[in-house]
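The residues making up each chain are set out below.
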Amino acid sequence: MRKITIIDSTLCRNDKEFTFKEKLEIEKQLDRLGVDVIELPQLQDEKVDLLFVKTLLGLLGHAKLSVPFGKLKDAFGDRKDYVLRLEVPVSTLGMEYLFHKKPQDVLSYIKTSIEEMKSYAETIELCAIDATRADKNFLKEVVSEAFSKEVSFVTICDSASSVLPDEYLNLTEKTAFENKSNLAVCAYNKINTANAISAMAVKNGFNFVKTQINGEITPLTEFCEFLRENGNKYLIDSNIEYSKLYKTVNNISQIDSPRQNDKIKFDIKDDSQIESK
């Protein structure tokens, strides 16, 4: 049975800012659910964000933290048991207008950054933003460069919801990624295909999936339902405690929408109706 790593990035949502207390509660809920990695967003307030990371480190049991390459790594001190991620746009539009770098400069940046990152954390991620609109040959260069520098995994982002599930999988085939087990899928849900893309990816060898609750990318609930219903068929599993899934999502949704008086209603009313593993 192949174990799928669930990486949740609910706190990285672009449409929502949570308070310090809300963020702590969300992270504790995700940790108890069995999420493997919890992503934190870019540094906003250095003093507050560093304190938040240090506080979380004393609360989490199962989950690892993932932070972007930058000042947040300082909160870990000598600890290396976290994920340090490098987020780089790889489409022509992204490189030119958001990153202000030429393709070869991007490759050089990736190379030098990964070399530095390895001295801080034991798990290194390269997140290829807007990968599905990148030049396929250049994307292959990016991924090859990352793995030659021994990154732990590379995330292929469909940031624009520009492909269907078969096209996403075909992209990874055409760019000749030799080992899909070190790839993560991050699919945006603008056209309601994110869960299908993520399911197709893990079915075909991806071992990492990024999710959110009430966010822009693959919904955590839907993907966990896919695993619960199809795990035996495809010989895949996760560390998620399915019996806690709906209660956890409901609790986090209440934090997300505190003015909402009625609880979120699901097709399955109570977690007791879901068979625990």
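Up top you'll find the structure we're talking about.
Treat the numbers as computed from the prediction; the structure is a model and nothing was measured.

## Regarding the overall build of the protein
Moving on, step 1. Scanning the protein from terminus to terminus reveals 9 helices and 10 strands.
Moving on, step 2. Against the 2.2 N^0.38 benchmark of 19 Å for 277 residues, the protein shows a C-alpha radius of gyration of 18 Å, consistent with a compact globule.
Moving on, step 3. By residue count, 52% of the 277 residues in the protein fall in the buried class.
Moving on, step 4. Long-range contacts, defined here as pairs at least 24 residues apart, represent 73% of the contacts in the protein between residues at least 6 apart.
Moving on, step 5. A total accessible area of about 13,400 Å² is found for the protein, and carbon and sulfur atoms account for 46% of it.
Moving on, step 6. Each charge class in the protein can be summarised by its mean position, and for the 38 positive and 44 negative side chains these summaries are 2 Å apart.

## So, helix α9 (residues 245-256)
Moving on, step 1. Its 12 residues place the ends of α9 16 Å apart at the C-alpha level, agreeing with the 16 Å of an ideal helix rising 1.5 Å per residue.
Moving on, step 2. Burial within α9 is extensive, with 9 of its 12 residues counted as buried.
Moving on, step 3. For α9, the set of buried residues is Leu245, Tyr246, Thr248, Val249, Asn250, Ile252, Ser253, Ile255 and Asp256.

## Overview of the packing of aromatic side chains
Moving on, step 1. Taken as a whole and judged by the stated rule, the model has 7 aromatic pairs.
Moving on, step 2. Their ring planes at 70° and their centres at 5.2 Å tell us that phenylalanine 99 and tyrosine 109 sit as a pair that is edge-to-face. Of this pair, phenylalanine 99 sits in the loop between α3 (92-98) and α4 (103-117) while tyrosine 109 sits in helix α4, and the two are 10 residues apart along the sequence.
Moving on, step 3. Its relative accessible area of 28% is what places tyrosine 109 among the partly exposed residues.
Moving on, step 4. Three or more aromatic residues link up through ring pairs in this structure, and these residues are Phe223, Phe226 and Tyr234.
Moving on, step 5. A cation over an aromatic ring shows up here: lysine 101 above the ring of phenylalanine 99, its NZ or CZ 5.7 Å from the ring centre.

## Some remarks on the sheet that holds strand β2 (residues 5-8)
Moving on, step 1. One closed barrel accounts for 8 strands, arranged β2-β3-β4-β5-β6-β7-β8-β9; its pairing is parallel. Going across the sheet, the axis of each strand differs from the next one's by a mean of 25°, ignoring polarity.
Moving on, step 2. Here strand β6 (residues 123-129) runs beside strand β7 (residues 153-158); their pairing, made up of 4 bridges, is parallel. The residue of β7 that forms the bridge with cysteine 127 is threonine 155.
Moving on, step 3. In the packing of helix α5 (residues 136-148) onto the sheet, contacts are made with β6, β7 and β8 (183-187), and the angle to β7 comes to roughly 155°.

## Details of the environment of glutamate 141
Moving on, step 1. Assignment of secondary structure puts glutamate 141 in helix α5.
Moving on, step 2. Of the residues examined, glutamate 141 reaches a relative accessible area of 38% and is grouped as partly exposed.
Moving on, step 3. For glutamate 141 and leucine 107, which are 34 residues apart along the polypeptide, the C-alpha to C-alpha distance reads 8.0 Å.
Moving on, step 4. The contacts of glutamate 141, once residues within four sequence positions are left out, are Gln104 and Leu107.

## Considering the pattern of salt bridges
Moving on, step 1. Enumeration according to the criterion identifies 20 salt bridges in this entry.
Moving on, step 2. With a closest N to O distance of 3.8 Å, aspartate 74 and lysine 73 form a salt bridge.
Moving on, step 3. For lysine 73, a relative accessible area of 13% puts it in the buried group.
Moving on, step 4. Salt-bridge contacts for glutamate 87 lead to arginine 85; the nearest nitrogen and oxygen are separated by 2.8 Å.
Moving on, step 5. Given the relative accessible area of 28%, glutamate 87 is considered partly exposed.
Moving on, step 6. Judged by relative accessible area, which is 2%, arginine 85 ranks as buried.
Moving on, step 7. Salt bridges here are not isolated pairs; linked through shared partners, they connect Arg13, Asp15, Lys16 and Asp256.

## As for the layout of surface pockets
Moving on, step 1. For the largest pocket, the calculated volume is near 860 Å³.
Moving on, step 2. The wall of the largest pocket is formed by 33 residues, among which Leu11, Cys12, Asn14, Pro41 and Gln42 lie closest to the centre.
Moving on, step 3. Counting residues per element, the lining of the largest pocket draws most heavily on helix α2 (residues 46-57), which supplies 4 residues.
Moving on, step 4. Residue composition of the lining of the largest pocket, grouped by class: 16 nonpolar, 7 polar and 10 charged.

## Points about the packing of helix α1 (residues 20-33) against α9
Moving on, step 1. Following both chains from N to C, one finds α1 and α9 inclined at 170°, their axes separated by 10 Å at the closest point. By the angle between their directions, the pair α1 and α9 is classed as roughly antiparallel. Note on element contacts: α9 touches α1 through Leu245, Thr248, Asn251, Ile252 and Ile255, opposite Glu22, Glu25, Ile26, Gln29, Leu30 and Leu33.
Moving on, step 2. Taken together, the residues that form the contact of α1 with α9 break down as 6 nonpolar, 3 polar and 2 charged.

Scoring rules and cut-offs
Position numbers for residues start from 1 in each chain and track the written sequence from start to end. Side-chain atom pairs in this predicted model are given and counted only at pLDDT of 80 or more, local residue features only at pLDDT of at least 70, and totals for whole chains, interfaces and linings cover all residues. Heavy atoms from the whole structure form the basis of all side-chain values; hydrogens and water molecules are not counted. The way it works is that DSSP assigns letters per residue, a run of H or I at least four long becomes a helix, a run of E at least two long becomes a strand, and they are numbered from the N terminus. Between the two quantities, the radius of gyration covers C-alpha atoms and the globule rule is 2.2 Å times the number of residues to the power 0.38. Each residue's exposure class comes from its accessible area (1.4 Å probe, protein chains only) as a fraction of the maximum for that residue type: buried when under 20%, exposed when over 50%, partly exposed otherwise. Any two residues whose heavy atoms approach within 4.5 Å at even a single point are treated as in contact. Throughout, the Shrake-Rupley method with a 1.4 Å probe supplies accessible areas, and for residues the shown protein chains are the sole cover considered. As used throughout, the charge tally considers Lys and Arg to be positive and Asp and Glu to be negative, leaving His and the chain termini uncounted. The location of each charge is read from NZ of Lys, CZ of Arg, CG of Asp or CD of Glu. Expected span of a helix, by definition, is 1.5 Å for each gap between consecutive residues, and there is one gap fewer than residues. Geometry of aromatic contacts follows a simple scheme: Phe, Tyr and Trp rings, the Trp one being its six-membered ring, pair when their centres are within 6.5 Å, and the pair is stacked under 30 degrees between planes, edge-to-face over 60, tilted otherwise. A ring has a charge above it when a Lys NZ or an Arg CZ is no more than 6 Å from the ring centre and no more than 35 degrees off the ring normal. At least two DSSP bridges between two strands are required for those strands to pair. Lines are fitted to the C-alpha atoms to define the axes, a helix being fitted only along its stretch in contact, and any angle between axes, read from their N-to-C directions, falls within 0 to 180 degrees. Basic side-chain nitrogens of Lys or Arg form a salt bridge, by our definition, when they fall within 4 Å of a carboxyl oxygen of Asp or Glu. Here a cavity is any set of points on a 1 Å grid over the protein atoms alone where a 1.4 Å probe fits but cannot get out, and a pocket is any open set with protein on both sides within 12 Å along at least 5 of 7 lines; a residue lines the site when it has an atom within 4 Å of a point. Grid points are joined across faces, edges and corners, and a volume is the space filled by probe spheres set on the points. Note on residue classes: Ala, Val, Leu, Ile, Met, Phe, Trp, Tyr, Cys and Pro are nonpolar, Asp, Glu, Lys and Arg are charged, and everything else, Gly too, is polar. Orientation categories follow fixed angle ranges, with anything under 35 degrees roughly parallel, anything over 145 roughly antiparallel, 65 to 115 roughly perpendicular, and all other angles oblique.

All we've got here are geometric facts, nothing functional implied.
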